[in-house]
Amino acid sequence: MQPEPWLRGSLSGVHPAIAPLIRSFEMAREDLERFTEGLSAEQMWKAPDGVNPAGREIRHIAGSLDRLITYLEGRQLDEHQIAAIDQESKPGASRDELLREMTDAFARAEALLRSLDPDKLMEPREVGRKRLPTTAIGLIVHMAEHTQRHVGQAIVAAKLARKMRSTVPQT
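Structure report, in brief. This one's a predicted model, so the numbers in the text were calculated from it and none came from an experiment. (Residues numbered from 1 in each chain as written. Predicted model: local features only at pLDDT ≥ 70, side-chain atom pairs only at ≥ 80, totals over all residues. Heavy atoms only, no water.)

## A closer look at the overall build of the protein chain
Here is step 1: Within the protein chain, the regular secondary structure consists of six helices and two strands.
Here is step 2: Written out in order from the N terminus, the α and β elements of the protein chain read α-α-α-α-α-β-β-α.
Here is step 3: Relative to the compact-globule value of 16 Å for 171 residues, the protein chain shows a C-alpha radius of gyration of 17 Å, a close match.
Here is step 4: For the protein chain, the spread of C-alpha atoms along the three principal axes comes to 60 × 45 × 20 Å.
Here is step 5: Within the protein chain, contacts between residues separated by at least 24 positions form 72% of all contacts whose residues are at least 6 apart in sequence.
Here is step 6: Of the roughly 9800 Å² of accessible surface on the protein chain, 54% is carried by carbon and sulfur atoms.
Here is step 7: With 24 positive and 25 negative side-chain charges, the protein chain shows a separation of 4 Å between the mean positions of the two kinds. (Helix = DSSP H or I, 4+ residues; strand = E, 2+ residues; numbered from the N terminus. Rg over C-alpha atoms; globule rule 2.2 N^0.38 Å. Contact = heavy atoms within 4.5 Å. Areas by Shrake-Rupley, 256 points an atom, 1.4 Å probe, with all protein chains shown as cover. Lys, Arg positive; Asp, Glu negative; His and termini not counted. Charge placed at Lys NZ, Arg CZ, Asp CG, Glu CD.)

Encoded structure:
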């Protein structure tokens, strides 16, 4: 068994201040693949005891990364991104589809992070309609911690959904 991503050494060509975020994406992907393995689409979208479904949490990880990337690039959200927020809770996608959405979002984020000039990490950025102040490094740190928060929620939801009985009649 290999060590957790953050214990796998440095990443070639990646600034040491940015590499931990990329490693956090690796850990998120590995944890969600492991804890959702074998879950049906129905189980991915179960909301046990009022907990958000694992499917919603995984889709939110992908959507929020897209939005945070936009802010990191110094832009504001477009109409499509705002409309997509409401779609995060729409059930139906399979585990594989959800994990693919998340993996694609990680790949886009990683490509941007690898291209960042480390000398610009303290540059100001604005978030949301109120254009709240932060910095490039502030957004990068938030990408990591926000992703991990929702990974934890998805794991709990997946564990609870696995214990719930299926509502699909057996033939």
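Following the structure, the description resumes.
## Digging into the pairing of strand E2 (residues 132-135)
Here is step 1: Taken together, the four bridges between strand E1 (residues 124-127) and E2 define a ladder with antiparallel strand orientation. Across the sheet, Val 127 pairs through a bridge with Leu 132, a residue of E2.
Here is step 2: If you look at the hairpin formed by E1 and E2, you'll find four residues sitting between the two strands, and Gly 128 has a positive phi there, around 80°. (Pairing = 2+ DSSP bridges.)

## With respect to the layout of surface pockets
Here is step 1: The volume enclosed by the largest pocket comes to roughly 300 Å³.
Here is step 2: Along the walls of the largest pocket sit 13 residues, with Ala 62, Gly 63, Asp 66, Ala 84 and Glu 101 positioned nearest its centre.
Here is step 3: Sorting elements by how many residues they give to the lining of the largest pocket places helix H3 (residues 54-72) first, with five residues.
Here is step 4: Its residues assigned to classes, the lining of the largest pocket comprises three nonpolar, four polar and six charged. (1 Å grid on protein atoms, 1.4 Å probe; cavity = no way out; pocket = protein on both sides within 12 Å on 5 of 7 lines; lining within 4 Å. Points joined across faces, edges and corners; volume = space filled by probe spheres on them. Nonpolar A, V, L, I, M, F, W, Y, C, P; charged D, E, K, R; others polar.)

## A word on helix H1 (residues 19-36)
Here is step 1: The terminal C-alpha atoms of H1, which comprises 18 residues, lie 26 Å apart, in line with the 26 Å expected from a rise of 1.5 Å per residue.
Here is step 2: Burial in H1 covers these residues: Ala 19, Leu 21, Ile 22, Arg 23, Ser 24, Phe 25, Glu 26, Ala 28, Arg 29, Asp 31, Leu 32 and Thr 36.
Here is step 3: Each element contacted by the buried residues of H1 is listed here: helix H2 (41-44), H3, helix H5 (95-115) and helix H6 (136-163).
Here is step 4: Positioned one or two residues after H1, Gly 38 has a phi angle of 85°, which is positive. (Expected span 1.5 Å × (residues − 1). Buried < 20%, exposed > 50% of the residue type's maximum accessible area, 1.4 Å probe, protein only.)

## Some thoughts on the side chain of His 60
Here is step 1: Mapped onto the elements, His 60 comes out in helix H3.
Here is step 2: Not counting the four nearest positions on each side in its chain, His 60 is found in contact with Arg 67, Glu 88, His 146 and His 150.

## Notes on the packing of aromatic side chains
Here is step 1: Taken as a whole and assessed by the stated rule, the structure comprises one aromatic pair.
Here is step 2: Geometrically, the ring pair formed by Phe 25 and Phe 106 is stacked, given 4.6 Å between the ring centres and 15° between the ring planes. Placement of Phe 25 in helix H1 and of Phe 106 in helix H5 is noted, with a sequence separation of 81 residues between them.
Here is step 3: The buried category is assigned to Phe 25, whose relative accessible area is 1%. (Phe/Tyr/Trp six-rings, centres within 6.5 Å; stacked < 30°, edge-to-face > 60°.)

## Description of H3
Here is step 1: The end-to-end C-alpha distance of H3 is 27 Å, a good match for the 27 Å that 19 residues give at a rise of 1.5 Å each.
Here is step 2: When you tally the buried positions in H3, you get 18 out of 19 residues, the bulk of the element.
Here is step 3: Note on H3: the residue one or two positions beyond its end, Gly 74, has a positive phi of about 85°.

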